[in-house]
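Chain by chain, the residues:
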Amino acid sequence: MISVDTLNRGPRARYLALEMLTEADDKDRFIDHIFDEKIRGNAMPAEGRHLVQEIAFGAVRHRNTLDSVLDHYIQFAMRRHHVVIRWGLRLEAYQLIYLSRIPPHAAIHGTLEAIKAFAGLLPKDIGYTNAVLRRVHSDIHDKSPDAPHSGEDRNAIPARHGWCSFSRPVLPAVGANKKLFMAIKYSHPKWRLSRWSDRFGDEDTLALCQANNRVPRVTAIPVSYTHLTLPTKA
């Protein structure tokens, strides 16, 4: 175990994200409530806060997809791993699959350093996590803004700014259960896709999934202060 105070900015941000995720898991709380509590009294720079929010919320939002992908690389089911290892794997897999601006090796190193700051873990836990994450990274074939030719491609997952393609199938077979395939691919609950499909049809259901996963645009509306007046004192 290492001291949290010795962590650099990247590992420290990942430590905070992991701390929030494990607390939400242990206490069955919403991650956004914990985020507000932790960040409000923390002197972390804005860049660090943005990283914490991105990776913590992303790991929760895409949990079913991340677990499905990680099942190809882990020896035991996710629920059998220590809570810190579970969320450490999800946290880093989210960065590897969905994000493009963070160098993979730096992200893996930062996550491993963050995990080392938690009590109750053994060196073999760190080694195991490192091995799994590096196998995931080695199987990522390409990051591209272009969608795959087939909508039933089992190797490609829609990422934040394009697509993440693996060198092996990581999604369930389409023929066995199309709704399960879409639920894992687009990180939506299967029950919701079934409800949408019954109400809107498969084509509109796909469009809804894609719209929900799309990164929202940030817009700024200029304000003319010449039209603002302060209330006069009574």
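Just above sits the structure.
Scope of this entry: the structure provided in the associated data block. Keep in mind it's a predicted model, so treat the numbers as computed, not measured.

## Describing the packing of helix α4 (residues 63-70) against helix α8 (residues 178-186)
For step 1, the next point in the chain: Running from N to C, α4 and α8 point in directions that differ by 105°, and their axes come no closer than 6 Å. Between α4 and α8, the interaxial angle falls into the category roughly perpendicular. Here α4 contributes Asn 64, Thr 65 and Ser 68 to the contact with α8, which in turn contributes Ala 183, Ile 184 and Lys 185.

## Brief notes about α8
For step 1, the next point in the chain: All of the buried residues along α8 are Phe 181, Met 182, Ala 183, Ile 184, Lys 185 and Tyr 186.
For step 2, the next point in the chain: Contact partners of the buried residues in α8: α4, β2 (156-159), β3 (162-166), α9 (190-200) and α10 (202-213).
For step 3, the next point in the chain: Capping of α8 at its N-terminal end is provided by Asn 177; its side-chain oxygen lies 3.2 Å from the backbone amide nitrogen of Lys 179.
For step 4, the next point in the chain: The positive-phi residue at the C-terminal boundary of α8 is Ser 187, with phi of around 55°.

## Points about the nonpolar core
For step 1, the next point in the chain: If you look at the biggest cluster of nonpolar residues, it comprises 67 residues, and the most contacted ones within it are Leu 18, Met 20, Leu 89, Ile 97, Ile 157 and Phe 166.
For step 2, the next point in the chain: Here this core takes eleven residues from helix α5 (residues 83-98), the largest share from any one element.
For step 3, the next point in the chain: For Ile 157, the residues in contact, after removing those within four places along its chain, are Thr 65, Val 69, Ile 97, Tyr 98, Gly 162, Trp 163, Cys 164, Phe 166, Val 170, Leu 171 and Lys 185.

## Considerations on helix α2 (residues 31-40)
For step 1, the next point in the chain: What α2 keeps buried is the set Ile 31, Ile 34, Phe 35 and Ile 39. Down the axis of α2, the buried side of the element spans an arc of 115°, and every buried residue falls inside it.

## Regarding the pattern of salt bridges
For step 1, the next point in the chain: If you walk through the whole model with that rule in mind, you get eight salt bridges.
For step 2, the next point in the chain: Linking Arg 29 and Glu 37 is a salt bridge whose minimum nitrogen-to-oxygen distance equals 2.7 Å.
For step 3, the next point in the chain: The class of Glu 37 is partly exposed, set by a relative accessible area of 44%.
For step 4, the next point in the chain: Its salt-bridge partner being Arg 90, residue Asp 67 comes within 2.7 Å of it at the nearest N-O pair. Here the residue Asp 67 occupies a position in helix α4, and Arg 90 occupies one in helix α5, the gap between them amounting to 23 residues.
For step 5, the next point in the chain: You can call Arg 90 buried: its relative accessible area is 2%.
For step 6, the next point in the chain: Salt bridges here are not isolated pairs; linked through shared partners, they connect Glu 23, Arg 29 and Glu 37.

## What about the packing of aromatic side chains?
For step 1, the next point in the chain: For the structure shown, the criterion picks out three aromatic pairs.
For step 2, the next point in the chain: Ring centres 5.4 Å apart and planes at 75° place the aromatic pair Phe 35 and Phe 57 in the edge-to-face group. On the criterion of sequence distance, the pair formed by Phe 35 in helix α2 and Phe 57 in helix α3 (residues 46-61) is long-range, its members being 22 residues apart. Per residue, the accessibility class of Phe 35 equals that of Phe 57, and both read buried.
For step 3, the next point in the chain: The positively charged end of Arg 90 is found above the aromatic ring belonging to Trp 87, 4.4 Å away from the centroid.
For step 4, the next point in the chain: For Arg 168, the ring lying beneath its charged end belongs to Tyr 73, and the centroid distance is 5.1 Å.

## Here we look at the sheet that holds β2
Picture the strands of a sheet paired through backbone hydrogen bonds; they go either parallel or antiparallel.
For step 1, the next point in the chain: The antiparallel open sheet is built from three strands, whose spatial order is β1-β3-β2. Strands at the two margins of the open sheet, each flanked by one partner only, are β1 (140-144) and β2. Across the sheet, the mean angle from the axis of one strand to that of its neighbour is 20°, orientation sign disregarded.
For step 2, the next point in the chain: Seen against the sheet, α8 touches β2 and β3 and runs at an angle of roughly 45° to β2.

## So, the environment of Lys 185
For step 1, the next point in the chain: On the secondary structure map, Lys 185 appears in helix α8.
For step 2, the next point in the chain: In this structure the C-alpha to C-alpha distance between Lys 185 and His 62, which are 123 residues apart in sequence, comes to 9.5 Å.
For step 3, the next point in the chain: In this structure the side chain of Lys 185 is engaged in a polar contact, spanning 2.8 Å, whose partner is the backbone oxygen of Gly 151.

## Quick look at the packing of helix α6 (residues 104-116) against helix α7 (residues 123-139)
For step 1, the next point in the chain: Where α6 contacts α7, the two axes come as close as 11 Å, and the packing angle between them is 160°. Taken together, the axes of α6 and α7 are roughly antiparallel relative to one another. In the packing of α6 onto α7, the handedness of the crossing is right-handed. Every residue of α7 that contacts α6 at Pro 104, His 105, Ile 108, Leu 112, Ile 115 and Lys 116 is listed here: Ile 126, Thr 129, Asn 130, Leu 133, Arg 134 and His 137.

## Focus on the side chain of His 81
For step 1, the next point in the chain: Along the polypeptide, His 81 turns up in the loop between α4 and α5.
For step 2, the next point in the chain: Among the polar contacts made by the side chain of His 81, one reaches the main-chain carbonyl oxygen of Ala 77 at a distance of 3.1 Å.
For step 3, the next point in the chain: Residues within four places of His 81 in sequence aside, it is in contact with Ile 74, Phe 76, Arg 86 and Tyr 128.

Here is what the cut-offs are and how they apply
Residues numbered from 1 in each chain as written. Predicted model: local features only at pLDDT ≥ 70, side-chain atom pairs only at ≥ 80, totals over all residues. Heavy atoms only, no water. Axes fitted to C-alpha atoms, helices over the stretch in contact; angles between N-to-C directions. Helix = DSSP H or I, 4+ residues; strand = E, 2+ residues; numbered from the N terminus. Parallel < 35°, antiparallel > 145°, perpendicular 65-115°, else oblique. Contact = heavy atoms within 4.5 Å. Buried < 20%, exposed > 50% of the residue type's maximum accessible area, 1.4 Å probe, protein only. Polar contact = N/O pair within 3.5 Å; in protein donor to acceptor, adjacent residues only side chain to side chain. Core = buried A, V, L, I, M, F, W, Y, C linked by side-chain atoms within 4.5 Å. Arc of directions from axis to C-beta. Salt bridge = Lys/Arg side-chain N within 4 Å of Asp/Glu carboxyl O. Phe/Tyr/Trp six-rings, centres within 6.5 Å; stacked < 30°, edge-to-face > 60°. Lys NZ or Arg CZ within 6 Å of the ring centre and 35° of its normal. Pairing = 2+ DSSP bridges. Left-handed = near helix turned anticlockwise from the far one by under 90°.

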